[in-house]
Structure formats: structure tokens, C-alpha cells
Number of protein chains: 2
Amino acid sequence: MKIAVLGGDGYCGWATALYLSKQGHSVAIVDNFVRRLWDHELNAQTLTPIRPLSDRLRVWQAVSGKTIESFYGDVCDYEFLASTLRAFEPDAVVHFAEQRSAPYSMIDRSHAVFTQVNNVVGTLNLLFALREHRPDCHLVKLGTMGEYGTPNIDIEEGYITIEHNGRKDILPFPKQPGSFYHLSKVHDSHNIMFSCKIWGLRATDLNQGVVYGTMTDETAMDEALINRFDYDDVFGTVLNRFCIQAAIGQPLTVYGKGGQTRGFLDIRDTVRCIEIACENPAARGECRVYNQFTEQFSVRDLAKMTVAAGKKLGLNVEVDHLQDPRVEAEEHYYNAKHSKLIDLGLQPHLLSDSLLDSLMNIAIKYRDRADASLMLPQVNWREPRNDRRLQMSKTARNSLGASRVQNASELVEKNKKHSHR
Amino acid sequence: MKIAVLGGDGYCGWATALYLSKQGHSVAIVDNFVRRLWDHELNAQTLTPIRPLSDRLRVWQAVSGKTIESFYGDVCDYEFLASTLRAFEPDAVVHFAEQRSAPYSMIDRSHAVFTQVNNVVGTLNLLFALREHRPDCHLVKLGTMGEYGTPNIDIEEGYITIEHNGRKDILPFPKQPGSFYHLSKVHDSHNIMFSCKIWGLRATDLNQGVVYGTMTDETAMDEALINRFDYDDVFGTVLNRFCIQAAIGQPLTVYGKGGQTRGFLDIRDTVRCIEIACENPAARGECRVYNQFTEQFSVRDLAKMTVAAGKKLGLNVEVDHLQDPRVEAEEHYYNAKHSKLIDLGLQPHLLSDSLLDSLMNIAIKYRDRADASLMLPQVNWREPRNDRRLQMSKTARNSLGASRVQNASELVEKNKKHSHR
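What comes next concerns the included structure. (Residues numbered from 1 in each chain as written. Chains lettered and ligands numbered in written order. Predicted model: local features only at pLDDT ≥ 70, side-chain atom pairs only at ≥ 80, totals over all residues. Heavy atoms only, no water.)

All names here are of chain A. Tallying each qualifying case throughout the model produces 24 aromatic pairs over all chains. Ring geometry for Trp38 versus Tyr104: centroids 5.3 Å apart, planes at 45 degrees, classification tilted. With a gap of 66 residues between them, Trp38 in helix 2 (residues 34-42) and Tyr104 in helix 5 (residues 102-105) connect regions that are remote in the sequence. Each of the two residues, Trp38 as well as Tyr104, counts as buried. By way of ring pairs, the aromatic residues Trp38, Tyr104, Phe114 and Phe235 are connected into one cluster. In this structure, Arg56 packs its charged tip against the face of Trp14, placed 4.3 Å from the ring centre. (Phe/Tyr/Trp six-rings, centres within 6.5 Å; stacked < 30°, edge-to-face > 60°. Helix = DSSP H or I, 4+ residues; strand = E, 2+ residues; numbered from the N terminus. Buried < 20%, exposed > 50% of the residue type's maximum accessible area, 1.4 Å probe, protein only. Lys NZ or Arg CZ within 6 Å of the ring centre and 35° of its normal.)

Residues and elements named next belong to chain B. Within the fold, Glu275 resides in helix 9 (residues 267-279). Of the polar contacts made by the side chain of Glu275, one reaches the side chain of Tyr19; its length is 2.9 Å. Contact partners of Glu275, with chain neighbours within four places excluded, come to Tyr19, Leu20, Gln23 and His25. (Polar contact = N/O pair within 3.5 Å; in protein donor to acceptor, adjacent residues only side chain to side chain. Contact = heavy atoms within 4.5 Å.)

Counted by the stated rule, this structure contains nine cavities of 30 Å³ or more. Here the largest cavity is characterised by a volume of approximately 130 Å³. Lining the largest cavity we find 15 residues, and of these Phe173, Lys175 and His190 of chain A together with Lys175 and His190 of chain B sit closest to its centre. Within the residue set of the lining of the largest cavity, elements represented by two or more residues are helix 7 (180-199) of chain A together with helix 7 (180-199) of chain B. Along the lines of polarity and charge, the residues of the lining of the largest cavity split into eight nonpolar, five polar and two charged. (1 Å grid on protein atoms, 1.4 Å probe; cavity = no way out; pocket = protein on both sides within 12 Å on 5 of 7 lines; lining within 4 Å. Points joined across faces, edges and corners; volume = space filled by probe spheres on them. Nonpolar A, V, L, I, M, F, W, Y, C, P; charged D, E, K, R; others polar.)

Take the interface of chain A and chain B next. Many authors give the size of an interface as the accessible area that is lost as the parts come together. Listed by partner, the interface residues are 55 residues for chain A and 55 residues for chain B. Where chain A abuts chain B, roughly 5100 Å² becomes buried across the two surfaces, and 66% of that area is made up of carbon and sulfur atoms. Taken as a group, Arg109, Arg167 and Phe194 of chain A account for 12% of the area that chain A buries against chain B, more than any other trio of residues on that side. Counting every contact that joins chain A to chain B gives zero salt bridges. Where the side of chain A that touches chain B is concerned, the elements lending two or more residues are helix 6 (109-133), strand 6 (159-164), strand 7 (167-172) and helix 7 of chain A. Counted by class, the side of chain A that touches chain B contains 27 nonpolar, 13 polar and 15 charged residues. (Buried area = accessible area lost by both parts, 1.4 Å probe. Salt bridge = Lys/Arg side-chain N within 4 Å of Asp/Glu carboxyl O.)

Positive phi, normally seen in glycine, also occurs at Phe33 of chain A, with a value near 65 degrees. When you line up the elements, Phe33 of chain A lands in the loop between strand 2 (26-31) and helix 2. A relative accessible area of 28% means that Phe33 of chain A is categorised as partly exposed. Despite not being glycine, Asn43 of chain B has its phi angle at roughly 60 degrees, a positive value. Locating Asn43 of chain B in the fold gives a position in the loop between helix 2 (34-42) and helix 3 (53-64). On the accessibility criterion, Asn43 of chain B (31% relative accessible area) is partly exposed.

Following this line, the structure appears as C-alpha cells:
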């Protein structure tokens, strides 16, 4: 099957591209490398030293014997996108090519507007390009569990049967997204649903949970294939950040009470879910929604598990409760359905102690690259910055409340002393 | 009360600005006149000869003794919008400043992208500007009943109580918008709801039905104050178009079976609804949704009423059923609640025969200005034009299927002959 992976140089995209290539699919990566640019803007970097895409693809060919094509450009550029579809002629397009950080979208007005325009226009372009050039191609679009928010009822997979005043209908599940980023995904979902209806496109909208882990069988084949491991307050996801905080002896930063409960999954399940979606395409005119996660945890649960895993490795891990910079319920009901991908054959990698160990071991292996100043939340939902387009420099970070943070090596030293007591 | 009317040079905006001014409010119009530009793009014009805003405001001052301030600029320009809010210091902002035509958004990819970016970014800018400069100001935002689509259950006003698997919550009413324009309004609604929640803004989202009529007490005070009366296939609304078709002896163009049912209201009720919303502001942090219409009709009902009204005026009105250029149910359940504005004091102007007569009389008065080539649908939901950014010229219109249309004077002649038989 010919599969184009839009955003294939990013965290989930890179792992997915390699996995699909390994499985024998013909894969193309479409990317404009803007994710790497944001590292410079935020003065942050992945814990793991990633290589340029051309190096990655060269090494992949050497170790696997498989070739991955690459197309350099922006999905917001319609001519580029359309010509790419015409040239590669994919059977499925996996669309990761969006700004995917909630805090990034909440920095200030410019970042909110950028996130919504970038994500919505990129997806609109893709819908129009598919209609014009590849109407039979299957769109596999990454959404997020965050589209649903935390309603006081069970979360279904995309649609819900509502009985009301004696009548009944199956309607899109009501959305209560919690950031301008999550809102952009809700906008996308509506645009996709509509385009399938009017043009007969086929789409699978994967509402993904929070992804953890960095290693997949493919990225482990060579150091040059290593994936991103983001831990900063803007692009880092919670469990990855906790592991690094544990590894460098910094307290885990739990926002508020930590009762915030979300769906989580191992990145090895992300790549398999994408394959399952591609191999079981939606029908013409169908817009399916699958909830893509394997287990629910509260932030407090994850902190406890990280403390326990740290203990086994001889690390003394503390937990800090910070004021929640987000506007969200800190304790709430949460029960989200996630059976459709299981029914299609997903066999989850659950977050056992051993997995947590291996995640922590990566964190420990690269901890000298960790920058402790990146881990305290500096973006506040209630108080976006006024619109001065500052670079998120270390100075700016410090002025935004990160002054308590010591640097990584000091913290590691301190922690060693702790352990010796 | 100081009220800024964004989009105050447009159809609903102009009537609203005059009405609020007449009621003694201090009014400012904010507009960039882009609606007038679209007339040139589409090679169309309002049936009624409207004057430039500066003339309108001069005459308004002469006949009413009231001054309306004006600010020229685009709400997508944040610096302009922010400085306008700082300068005028409104207590309420009425936001009509969006691209409001479903067919316009469906012309091609450029128009879809323009509509969503223009509407979403303008509203995002307004939300950020209110937060930064006028956090206590009440946002009165025009949404549309088209956000809901036509679900098989009763449509509530913005929110619905859902019982599911033994639990209950009040959630945003699920949306099924039917064009890229309607989608832009859904995106706005989600952005507004979120901003009220995180920043404590106050907002009223008015999901307006299809507006008909052109005269209000204020616009009738002087010919120079006359409002727009759009009848073309892109910006014209159905009842206004039917009246002109009747007046010039052209068959009424019913799309498909004509069972499409929607909420309608007289423009005199639009202006009163806005006043009611302004005088009863939402609380801090509240995002209220009111359904702003007074009666439900199917397109078929409206055609019948127009035929009957035409008969009373000696016109022989025929009805044509065209293939529906939109993707929508042509027969469906429809029952939308609309009691909240009534509860706050709205006294509806219902569409009686006499009102239809007066609307028809306007159409007859100006029928020599009518261009029959503008009334057949040329935008097709299923087949947007490929992206060649053509001007929607008369040539393009004809090539898009309007060849059957005769010009207005020929049709009027033909109709006269009919009447004499």
C-alpha cells in the first residue's frame, strides 16, 4: 500500500513512517521541518539527539533495505500539496502535519491564531486536494482525545445516540476542547465530517490520547534513527517529562490536585493503530472516529508510578503540586470508550513497571542533555502574554516564573547526596 | 449604552446600527466595506441603490439628530481592532463582521479557506482584544441556525441535557453544519465558549435564522438610508429572491423538493433581538446561546405564500424545482426551540400576507434594477470549481449553467403577456 505520512519528521510521524516501511508499505514523508524550528523559538530541544531527515532516511535504507521518499513543503501551500499527491499517488494519507501542543497555542494571540490557521487550512487543503486528485484515497487524520474535554457522561467514539423528547438520532459527540490547539482539532473534525458527506471522501479520525515512550523496534535499530523525546513544558507530554524529572532529581511537576484523568498509549501502539486504520479503510463517504488510547490514568497515578519506578532504580523522586496553569477540572468523572481499534486487532503495550523502567532508562541515558529550566509551566491559560511576539528565550522563561528551577547538574548532584543518606 | 457594531455597513449591521442609535444608544460602526467589494467580484448588486457609508451617516444625522461614529478597518487586523476598542470603549460589541454566505464559501478552495480564516481569525482577535482591553464588555456574536443542521431530534438553544448510561450532563448541542461558512460559525462558537470559560468574558451567541425584508422604521426615514436587498444566488436569501423573481415574472427557484425547513425572521426582529441581548448582558464567564428566529417554514411553504401574494398583486407566479445544488435533506424533521428572546420581550413581526405584500412591493418598485442572470444557482456543493481564482463574471455565470435565464425585461414582458391571457 502507498502511504504518505504528512508530518513524518515529527515524534509520532517518524515512528509511524519507519513502522509502515518495515511492514512493507511504500512510504513517503511530507514535512516542512517546522517542528525543528519551534525548538529554536522555544530555546528547547529533544532529550535525544535527532538527526536531519536526510541522514535518518539514508541510515534507514542501510539498515532495513527500504527506501522512504521525502517531499519538502508545507501542507498550507496548496500547489505543493496537490503536486505531491499527484506525484506519489497514495492509497492512504496519514495526517500528522499540525501544530500539536496545547501550551504553544496558549502562549499569546499570535500563537493561537497561528495554530488554528495552520491546522485548519492545512486540513482544508488536504480535503480539497484529495477531492481533486485522489478521491478514493483514505484520509487517516490524527485528532485528540482532548477534543471531548471531560464530560460527566461516558465518552463514545465520535458519535452518540441521543434520545430527546421522544425522538432519537445519532449525532457527533459534543465537544468541550480545552485549548486553542484542541479547538483547532475540533474544527478539523467538523470540516472532515462535512467533506466526507458532500464529496464521498473516506476518512478515519483518530482521537489519540497522550503518547509516551520513544523507542519502537525500528527506531532502536540504529542510534541515527532515534526519535524525539520532548520534555519541555510546551511540547513535552506528562509521562516523558516525569521520567526526566526523576532522572535528574527534580520534583515531578503535578498541576493542581492531579486528578486530571486522560487516555494514554505507548508510541508502539500509535504506529500499530495507524497501520490498522490504513489496512481497514473507511468506505466512500464515511467519516469514522476511533478513540486511540489503551489505558486511562490520572496525573497523580502517573506520578506515583514514576516515584515507584524511580525507587527501583535507586532514585529518590519527590512530587511537587503546582498551581494548575490550565483551566481544567482537577477532579472529574472520566470513562472513554476505546474498543474499535482493539476489535480490529490492536494488542496494547500496557504501562507496566518494566515499560516505565525502560522509559526511565532512556531518560537516565540522556540526562546530561536535560535542561531543567524547561520543565516548569510558563504558559498560563488565564493570562496569555500580550501580543509582543517575544521569543520564548531562557530570559523570558525565567521572568515567567521558572526562577525556582536549578540547572540539571546541580539537581543531579543534590539527588546523589539524597541517595547516599 | 456604548455599542460597537462590527460589520455595520452590511445588511443586518446597518439596520441594527440605525435602530440602536434611534433608541438612544451611542453607536459606532466598524467596517472595511469588503461586502461591497464582493458585489464587484460576483458581478452582482443589491436591488436597492445603497449609498456610501459616509453619505448614510450624514443623512442619518440630518434626519435623526444622532451621530454614529465610524471606524474603517478589518477585524482581522489586531492592532486596528484593539485601538478601536480602546478609542470607543464599548459596553457591548455586536459582531456581524464575517463572510456570511454559504454559497460564497463553496465556490472553490480559495473561498472556503478565506471564509474560515476570515471569520475565525476575526473572532479570535475580538476575543483577545476584549480580554486585553475591555474584559467587562459584552460580546453579542451572530451565529446561525445552520450550525445545528437538521437533526432528527428537537433543536435546543445551544446546550442539551444528555442522559447516557445512567449519567447526565448539560453539553453543547451537537452541530452538523452544511457548508464551509456554517462550519466557520461552529468554529467561532467553540472558540467563544472556551474564551468565556478561561477568561471570564461575557458572550451571547445568537443563532440567527434566515432574515427577510429590507425596511425598518429607521431605514424608511430617507431614501439615502435604504438597506441592501440581495437576491443573487450567492448572497440573496430565499424569500427576498422569491419576491424579486415574482416581481420580474421569473419562476421561483425551489431547490429540490423544497421540504427544507428553516427558522426565519423579519429584519425588524433582528434589530430588536440585538437590543434585547445588549440590554440583558451575559454574566462574566457566561456564554449564552439564543436561537434568533420567529417562525419555521419550508422552502415549499414560502414558494406557495409568494405565489398567493403575487396573485393578489395581479402577478402570475410560477414555481420551478431545480436540482438541489446543496447537499442537504430535502424532507426532514425540524423543530427548533426559540423561546429565550421571546421571554426577554421580543414581540415578533410574523410573516403575514401584508408583510409579504410590502416585501413584494419593494421588489416591484426596484425591479428595473434586477438582473435575472443572478438568480439561478451557480455554486454546487458537490463540485467546487478547481482552484483557478476566476472572477465570478457574467460569462462564468453563464458557463456554469445559467444559460436558461433570460434577462429581466424580457421576463417582465413575457409575464405581462401571461397576465393578459
